[in-house]
Amino acid sequence: MLALPFLHPELADENGLVAIGGDLRPERLLHAYRLGVFPWYAEGEPICWWSPDPRAIIELDGLHIPRRLDRTLRSGRFQVTVDEDFAGVIRGCADGREEGTWITAEMIQAYEALHRLGHAHSVEVWEGDLLAGGLYGVAIGGLFAGESMFTRGRDASKVALAHVVRRLVERGFQLFDIQLLSEHTAHLGAVEIPRKQYLARLRQALAHSARFA
């Protein structure tokens, strides 16, 4: 039986740290997401597991689409696909970040394994033959945990996000977790909720059955 050494997320320290160590096998990752915990660490560090308080989400009826983005969505400039190039999306999310990346080679390998098992999904935004942006995350029951997104063309990541929200609504998802709030996601309508509230909503979401792809 696989040992899964996690504290209860409500017992995390003041920074949201739940545990250190372990591995990124699919069983452990899926167990972590079901508990409201996710891995986040830098190259050369041990695996760190987090459940921050507050937690950032995007309400499925709360995405803010600015006028310019709405024009872009209707223009036909981009084409959107699902699970066509997971490897390209996760590597796009890892590349070219001035502050460095937490998407290490070990993380890429782990989430590609989750993708092969049908739990991790990507949304690709194409401009012609160019992968202009995208987003990837993990789906379990009625939860979609957005992990990262990237852009190589103006508004491409926002197009991916808008497509994800529409898809989650259409397919009966209950909760869109984005883990930590940023200025960029706040501008698009992301909000923070207390961890206790997040965990209650997570339990409800996991009781639902939904398919991303």
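Residues numbered from 1 in each chain as written. Predicted model: local features only at pLDDT ≥ 70, side-chain atom pairs only at ≥ 80, totals over all residues. Heavy atoms only, no water.

A.B. asks: What's the story with the packing of aromatic side chains in this structure? I'm lost.
C.D. replies: By convention here, two paired aromatic rings are described through the distance between centres and the angle between planes. For the structure shown, the criterion picks out 6 aromatic pairs. Considering the side-chain rings of F144 and F212, the 4.8 Å spacing of their centres and the 15° angle between planes classify their relative orientation as stacked. Taken together, the positions of F144 in strand β8 (residues 143-151) and F212 in the segment after α7 (195-206) put the pair 68 residues apart, joining distant regions of the chain. According to the relative accessible area criterion, F144 is buried, its value standing at 0%. One aromatic cluster is present, built from ring pairs that chain together F144, F173, F176 and F212. Sitting above the plane of the Y198 ring, R55 keeps its charged end 4.2 Å from the centroid. Across the ring face of F212, the terminal group of R167 is positioned such that the distance to the ring centre comes to 5.3 Å. (Phe/Tyr/Trp six-rings, centres within 6.5 Å; stacked < 30°, edge-to-face > 60°. Helix = DSSP H or I, 4+ residues; strand = E, 2+ residues; numbered from the N terminus. Buried < 20%, exposed > 50% of the residue type's maximum accessible area, 1.4 Å probe, protein only. Lys NZ or Arg CZ within 6 Å of the ring centre and 35° of its normal.)

A.B. asks: Would you mind going over the environment of L117 with me for this structure?
C.D. replies: For L117, the position within the fold is in the loop between α4 (105-116) and β6 (120-127). For L117, a relative accessible area of 53% gives the class exposed. With 14 residues separating them in the primary sequence, L117 and L131 have C-alpha atoms 24 Å apart.

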